[in-house]
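Okay, here's what each chain looks like letter by letter:
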Amino acid sequence: MRKLTYFIACSIDGFIGDPGGDASSMYPFVNEEFIEFLASQYPETVATEGRRQLGFHDAENQKFDTVIQGRASYQLALDMNITSPHAQLRELVASRTLKESPDPNVELISDDVVGRVRELKAEDRELGIWLCGGSQLAGELLDEIDELVIKTYPLVYGSGMPMFGSDFAATEFALESVRVFDNGVLVRTYSRKR
């Protein structure tokens, strides 16, 4: 069974973006040390264009071969005329509004996203599935998430888009590791307690 990992950036107080979903205030913390970490541990999570610009476009995927994201997260790429933001992965977008995929590498899921994720998890593949965002999709898939990798930036938002847009449900995870960067960024990894 493959793992579904929610690999996400957030503020200290657990928001993945401002009330409109903008997370650009986190960008200044993506420094050389952090980029080296991503390039060696999670190169597939950097957008295809970013990988090219940073000089590791040919890096092998380390953890994931599939990415799933919500329509709002995907829209950020579409707004830049990018139809396959993570071409190094099989891309799935959960959307009830997009009727046709704008790219052959992007599969649209319009209903039963949980069922589709369960199918993906049951595939006989070596690498896992990356849940990229957003908040509503993460809330819908909470029961399917096996691992959290939370990149916490030293910012407090006060309000904004929560990591999980869902009803209250206390769900226990076990802390596996913490990596601290010189600029105050933390990367915490948790595994699901089942």
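The structure contained in this document is the topic of the report that follows. (Residues numbered from 1 in each chain as written. Predicted model: local features only at pLDDT ≥ 70, side-chain atom pairs only at ≥ 80, totals over all residues. Heavy atoms only, no water.)

Thoughts on helix H3 (residues 71-78)
For step 1, the next point in the chain: For H3, the full list of buried residues reads Tyr 74, Ala 77 and Leu 78. Considered in projection along H3, the buried side chains sweep an arc of 100 degrees and stay on one side of the axis. In H3, the exposed positions that point more than 90 degrees away from the buried face belong to Ala 72 and Leu 76.
For step 2, the next point in the chain: Here the buried face of H3 lies against strand E3 (64-70), strand E4 (90-94) and strand E5 (106-109). (Buried < 20%, exposed > 50% of the residue type's maximum accessible area, 1.4 Å probe, protein only. Helix = DSSP H or I, 4+ residues; strand = E, 2+ residues; numbered from the N terminus. Arc of directions from axis to C-beta. Contact = heavy atoms within 4.5 Å.)

Focus on unusual backbone geometry
For step 1, the next point in the chain: Note the cis peptide between Gly 133 and Gly 134, where omega equals 5 degrees.
For step 2, the next point in the chain: Along the polypeptide, Gly 134 turns up in the loop between strand E6 (128-133) and helix H5 (135-140).
For step 3, the next point in the chain: In the Ramachandran plot, Asn 81 falls in the positive-phi region, its phi being about 60 degrees despite a non-glycine side chain.
For step 4, the next point in the chain: You can see Asn 81 is positioned in the loop between H3 and E4.
For step 5, the next point in the chain: Given the relative accessible area of 74%, Asn 81 is considered exposed.

Observations concerning the environment of Glu 32
For step 1, the next point in the chain: For Glu 32, the position within the fold is in helix H1 (residues 32-41).
For step 2, the next point in the chain: A residue is classified by how much of its surface remains accessible, and Glu 32, at 61% relative accessible area, is exposed.
For step 3, the next point in the chain: Sequence separation between Glu 32 and Gly 17 is 15 residues; the distance between their C-alpha atoms is 22 Å.

Considering the sheet that holds strand E7 (residues 147-153)
For step 1, the next point in the chain: The mixed open sheet is built from 8 strands, whose spatial order is E5-E4-E3-E6-E1-E7-E10-E9. The open sheet has two edge strands, E5 and strand E9 (173-180), and neither has a second partner. Across the sheet, the mean angle from the axis of one strand to that of its neighbour is 25 degrees, orientation sign disregarded.
For step 2, the next point in the chain: Where E9 and strand E10 (residues 186-192) come together, 7 bridges link them in antiparallel fashion. Opposite Ala 174, over in E10, you have Ser 191 as the bridge partner.
For step 3, the next point in the chain: The strands touched by H3 are E3, E4, E5 and E6; relative to E3, the strand with the most contacts, the crossing angle is about 100 degrees.
For step 4, the next point in the chain: Running over the sheet, helix H4 (residues 113-122) touches strand E1 (4-11), E3, E4, E5 and E6 and is turned about 160 degrees from E4. (Pairing = 2+ DSSP bridges. Axes fitted to C-alpha atoms, helices over the stretch in contact; angles between N-to-C directions.)

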